[in-house]
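The lines below spell out each chain.
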Amino acid sequence: MTPDIAAVKAALAHLDIEERDTAIRSASRDFFWYSPVLKPRLDHVRADFVVRPRSEAEVIEVLRVCHAHDVPVTTRGAGTGNYGQAMPLAGGCVLHLKHMDKVGEIAPGRVICEPGVLLKDLDAACRAHSGQELRMFSSTWATATIGGFVAGGSGGVGSVRWGSLRDLGNIIRLRVVTMEAEPRVLEFRGEELARVSHAYGTNGIITELEMPLAPAHDWVDLLVDFDDFDAAMGFADDLANEDGLLIKLASVYEAPIAHAYFARIKPHVTPDSNLVGLMVAPHAMDGFLTFLGRRPEGRLIWRSDAPDWDRAPGQVFEYGWNHTTLRALKVDPAITYLQVRYAFPEHRVLVRAMREEFAPEVLQHLEVIRENGKVSLAGLSLVRFTTEARLDEIIRRHEEAGALVFNPHRYTLEEGGRQKADPRQLDFKREADPKGLLNPGKMIAWDDPDWSYDAIYAWPGLRAS
Ligand code: FAD
């Protein structure tokens, strides 16, 4: 199978094709450089060309032509993923969906849209139409697409109330185009959604989504300062368990994260501040202030509905989720991160144990989430990186203690997930991408079913620089 790039470019010349070297290079990269493990391995990755379809019909045309000439296709939303998900390891075509950004029907509780619409634009359209908003979004709301969120993300702002994207009801329907001689268009609901959601575009291209909505609120951003980390963690966890109080975000930052890395917040905290960042619905503010009054150890230092700082901190969710790592990295390039799941009911105990063992090499940044109806904690811990061996050791110790680590220093689906094949995704890839041309190198089960997961997987097809 030798890809015939020239033949594909000639056949698609009437579409919006990008051939400028710098533009191709930037459309071939995402936030993989967050990881000191991925950075040296993927830095050279580059597609041969970028094509920007304007419709599902053009997507079908691109896939048909690339299939005929054995050219790999890697889909791109906005390229904000941070494990190299959107990087074309074998070169070939980057299918950039930025033009497919139409918002369709909006009805009570749901919206239909194309994949390339930005999360913020989708939210704005739903709010303007009928006072509704997305239930959850990645903290890259301002820059990321809904298609990329569903194909590459997991949850985020809103997960404290609604759980993760993979939970039933958080995606209603996906329309998908296959990579075959004659691409098919399929519609998935229910069990079938798991075939392509969080599959990195390895087995189909999502061309339309139907997503659930909730009533929109003018969320109040709050920052609460604690001297004690345990008190901060307990406050956020207990608040999320107050069933009558509607919140969209509860983040916890161990000292000295806020002082060291959050420039606009720094003047208002000390190196000993353990900070909690919150989004609370305006009608829940009375209840929230009552809750706060029962915890005199928490000091409310910022509320966006009564601003009193010279310089406002900006959206509080842009300090949370993976923005915490981004802010830390900007100040100290030696920082990297982990993605940890501390499951109910041992979540606080586990966090305490990891903190005792690793602070200050590992600093706790927690996001409160809902998982199977229980409030628990996701850790996007900040790690002071020394060597890959030490990073692996820290991950191993977390797993031995009973925490689940989704390794963000790997580019394959399995290694970034539960270290095993997902038969639903693999079976659908066999059906929908028989030549293995979609985002090659990202699904170990396809390339090496007997892989043992003892070491980092290095896809043999990774094109050399
Ligand atoms: P891309 O990065 O372009 O794509 C992601 C994956 O989906 C790739 O594998 C791509 O090939 C595939 N893909 C894209 N569109 C399609 C399609 N239409 N059909 C099939 N496959 C497709 N993630 C979270 O889940 N929660 C967070 O809170 C969060 N916070 C972040 C904060 C920062 C600062 C950064 C850098 C990243 C964060 N991320 C987070 C990761 C990422 O931003 C999100 O997952 C985002 O929603 C991805 O959208 P995107 O448009 O950039 O997708």
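Residues numbered from 1 in each chain as written. Predicted model: local features only at pLDDT ≥ 70, side-chain atom pairs only at ≥ 80, totals over all residues. Heavy atoms only, no water.

Asker: Please explain the overall build of the chain as it appears in this structure.
Answerer: A count of helices and strands for the chain gives 16 helices and 21 strands. Taking 2.2 N^0.38 as the reference for a compact globule, 465 residues should give roughly 23 Å; the C-alpha atoms of the chain span a radius of gyration of 22 Å, in line with that estimate. Across its three principal directions, the C-alpha atoms of the chain cover 70 × 50 × 40 Å. In the chain, which comprises 465 residues, the share counted as buried stands at 58%. Long-range pairs, those at least 24 residues apart, make up 73% of the contacts in the chain between residues at least 6 apart in sequence. One finds the centroid of the 53 positive side-chain charges in the chain at a distance of 2 Å from the centroid of its 66 negative side-chain charges. (Helix = DSSP H or I, 4+ residues; strand = E, 2+ residues; numbered from the N terminus. Rg over C-alpha atoms; globule rule 2.2 N^0.38 Å. Buried < 20%, exposed > 50% of the residue type's maximum accessible area, 1.4 Å probe, protein only. Contact = heavy atoms within 4.5 Å. Lys, Arg positive; Asp, Glu negative; His and termini not counted. Charge placed at Lys NZ, Arg CZ, Asp CG, Glu CD.)

Asker: How should helix α11 (residues 285-293) be read in this particular structure?
Answerer: Side chains that are three or four residues apart share a direction in an α-helix, a result of its 3.6 residues per turn. Of all the positions in α11, only M285, F288, F291 and L292 are classed as buried. The arc enclosing the buried residues of α11, seen along the axis, measures out at 115 degrees, which places them on a common side. Those residues of α11 that are exposed and aimed more than 90 degrees away from the buried face are D286 and G293. Looking at the packing, one finds that the buried side of α11 touches β11 (220-226), α9 (229-240), β13 (274-280) and β14 (299-303). (Arc of directions from axis to C-beta.)

Asker: Is there a simple way to explain the domain arrangement of the chain in this structure?
Answerer: Each domain of the chain was delimited in the assignment, giving domain 1 (103-216) and domain 2 (220-406). Placing the centre of domain 1 and that of domain 2 at their C-alpha centroids yields a distance of 26 Å. Across the contact, 18 residues belong to domain 1 and 18 residues belong to domain 2. Approximately 1,400 Å² of surface area, both sides summed, lies buried where domain 1 meets domain 2, with 58% of it carried by carbon and sulfur atoms. Area buried by domain 1 at its contact with domain 2 is led by S139, V157 and V160, which between them contribute 45% of it. The tally of links from domain 1 across to domain 2 stands at two salt bridges. (Domains from an automatic or database assignment. Buried area = accessible area lost by both parts, 1.4 Å probe. Salt bridge = Lys/Arg side-chain N within 4 Å of Asp/Glu carboxyl O.)

Asker: Any chance you could explain the environment of W219 here in plain terms?
Answerer: Here W219 is to be found in the loop between β10 (205-215) and β11. You can call W219 buried: its relative accessible area is 16%. Measuring from C-alpha to C-alpha, the distance between W219 and L246 comes to 9.8 Å, with 27 residues separating the pair along the chain.

Asker: Explain the site of the ligand to me, please; I cannot follow it from the model alone.
Answerer: Around the ligand, a shell composed of 38 residues is seen, among which T75, G77, T80, T145 and G155 lie nearest. In this structure, G155 approaches the ligand through a main-chain N or O atom, which is 2.6 Å from a nitrogen atom. Here an oxygen atom of the ligand and a backbone polar atom of Y200 are 3.3 Å apart. Burial of the ligand by the surrounding chains reaches 98%, relative to a free accessible area of 970 Å². Every element with two or more residues in the shell around the ligand is listed here: β3 (73-76), α6 (146-152), β10 and α12 (323-331). Broken down by element, the shell around the ligand gets its largest block of residues, five residues, from α6. Tallied by class, the residues present in the shell around the ligand amount to 14 nonpolar, 23 polar and one charged. (Near = heavy atom within 4 Å. Polar contact = N/O pair within 3.5 Å; in protein donor to acceptor, adjacent residues only side chain to side chain. Areas by Shrake-Rupley, 256 points an atom, 1.4 Å probe, with all protein chains shown as cover. Nonpolar A, V, L, I, M, F, W, Y, C, P; charged D, E, K, R; others polar.)

Asker: Is there a simple way to think about the side chain of H398 in this case?
Answerer: Relative to the elements of secondary structure, H398 occurs in helix α14 (residues 388-401). Exposure remark for H398: the relative accessible area of 0% places this residue in the buried category. Each residue touching H398, except ones within four places of it in the same chain, is listed here: L338, V340, Y342, M354, F358, A403 and V405.

Asker: So what exactly am I meant to see when it comes to the sheet that holds strand β17 (residues 362-363) here?
Answerer: The strands making up a sheet associate through hydrogen bonds between their backbones, and the pairing can be parallel or antiparallel. Pairing within the open sheet is antiparallel, and its three strands lie in the order β15-β20-β17. The sheet is open, and its two borders are formed by β15 (335-337) and β17, each paired with just one other strand. In terms of strand pairing, β17 meets strand β20 (residues 382-384) through two bridges, oriented antiparallel. Each residue of the ladder has a partner; that of L363, found in β20, is L382. Packed on one face of the sheet, α12 meets β15 and β20 and runs near 165 degrees to β15. (Pairing = 2+ DSSP bridges. Axes fitted to C-alpha atoms, helices over the stretch in contact; angles between N-to-C directions.)

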